[in-house]
Amino acid sequence: MIERRAIGWLWAIAIALVLASTSAKAVEVDEILADPALEARARSISMELRCLVCQNQSIDDSHAPLAKDLRLIVRERLVAGDSDRQVIDFVVDRYGEFVLLRPRLSLHTAMLWGAAPVVLVIAGMLLWRLGRRTAVAPPLPLTADEEKRLARILDGSEQR
């Protein structure tokens, strides 16, 4: 009979194997370049480009047909002699800046990142000002007639 401790270790090993298998890259054998240096550059570039189908994965991790096409384009451009920057610029020119997993710093990306804190500060100021404006005013004192009526109600001489 296997001890509980051994069963626990078997489960831990099984979970580790499952988790390790999910990080397998999507690059297929027919895509790999013969030159190891060019292949390493291609893999590096592929990790920077977003799969336009999956949108949360690099083209190196994605099994989508479009990701395979992009990996092939990257490799073709490298074989043609393009630098890493030229390859990335080619893909960005063709598919737009959304294809970059880490967008370049430019005016519109800075505005995009800076807009959230600015809106948050403006909203906080408006809420603070609105809160000050709607403060409860102290109640007005009772008139003489209201005081007399209140006294009668408290004495029980007047019905509500």
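Residues numbered from 1 in each chain as written. Predicted model: local features only at pLDDT ≥ 70, side-chain atom pairs only at ≥ 80, totals over all residues. Heavy atoms only, no water.

Applying the stated rule across the entire model yields zero disulfides. Of all cysteine sulfurs, the one in C54 lies closest to C51, which takes part in no disulfide; the gap is 3.5 Å. Under the relative-accessibility criterion, C51 is labelled buried at 0%. (Disulfide = S-S within 2.5 Å. Buried < 20%, exposed > 50% of the residue type's maximum accessible area, 1.4 Å probe, protein only.)

Turning our attention to the pattern of salt bridges. Here the structure, examined in full by the defined rule, presents five salt bridges. Here D60 makes a salt bridge to R43, at a shortest N to O gap of 2.9 Å. With D60 in the loop between α2 (36-46) and α3 (65-79) and R43 in helix α2, the pair connects residues that are 17 residues apart, well separated along the chain. The class of R43 is partly exposed, set by a relative accessible area of 25%. (Salt bridge = Lys/Arg side-chain N within 4 Å of Asp/Glu carboxyl O. Helix = DSSP H or I, 4+ residues; strand = E, 2+ residues; numbered from the N terminus.)

In this fold, L38 is placed in helix α2. For L38, a relative accessible area of 17% corresponds to the buried category. Here the alpha-carbon distance between L38 and G81, two residues 43 residues apart in the chain, equals 9.9 Å. Ignoring any residue separated from it by four or fewer positions in sequence, one finds L38 in contact with L33, L78 and V79. (Contact = heavy atoms within 4.5 Å.)

The next subject is helix α4 (residues 84-95). Spanning 12 residues, α4 covers 17 Å between terminal C-alpha atoms, matching the ideal 16 Å at 1.5 Å per step. Buried residues belonging to α4 abut α2 and α3. Taken from the residues just after α4, G96 is the one with a positive phi, measuring 95°. (Expected span 1.5 Å × (residues − 1).)

Attention now goes to the packing of aromatic side chains. For any pair of aromatic rings, geometry is given as the distance between the ring centres together with the angle between the planes. Tallied over the entire structure, the rule returns zero aromatic pairs. The ring of F98 is capped by R50, whose NZ or CZ atom sits 4.5 Å from the centre of that ring. If you follow R77 out to its NZ or CZ, it ends over the ring of F90, 4.1 Å from the centre. (Phe/Tyr/Trp six-rings, centres within 6.5 Å; stacked < 30°, edge-to-face > 60°. Lys NZ or Arg CZ within 6 Å of the ring centre and 35° of its normal.)

What describes two packed helices is the angle between their axes and the distance between those same axes. Where α3 meets α4, the closest approach of the two axes is 9 Å, and the angle between their N-to-C directions is 140°. It follows from the interaxial angle that α3 and α4 lie oblique. Crossing of α3 over α4 shows right-handed handedness. Contacts between α3 and α4 pair L66, L70, I73, V74, R77 and L78 from the former with D84, V87, F90, V91, R94 and Y95 from the latter. (Axes fitted to C-alpha atoms, helices over the stretch in contact; angles between N-to-C directions. Parallel < 35°, antiparallel > 145°, perpendicular 65-115°, else oblique. Left-handed = near helix turned anticlockwise from the far one by under 90°.)

A word on the nonpolar core. Counting 19 residues, the largest nonpolar core has I45, L49, I59, V74 and L78 as its most contacted members. Listed by contribution, the elements that provide at least two residues to this core are α2, α3 and α4. Top element by residues in this core is α3. It accounts for five residues. (Core = buried A, V, L, I, M, F, W, Y, C linked by side-chain atoms within 4.5 Å.)

This brings us to the packing of α2 against α3. Relative orientation of the contacting elements α2 and α3 amounts to 135°, with a least axis distance of 10 Å. In terms of axis orientation, α2 runs oblique to α3. By crossing handedness, the relation of α2 to α3 is classed as right-handed. Between α2, through L38, E39, R41, A42, R43, I45 and S46, and α3, the contact on the second element is made entirely by R71, V74, R75, L78 and V79.

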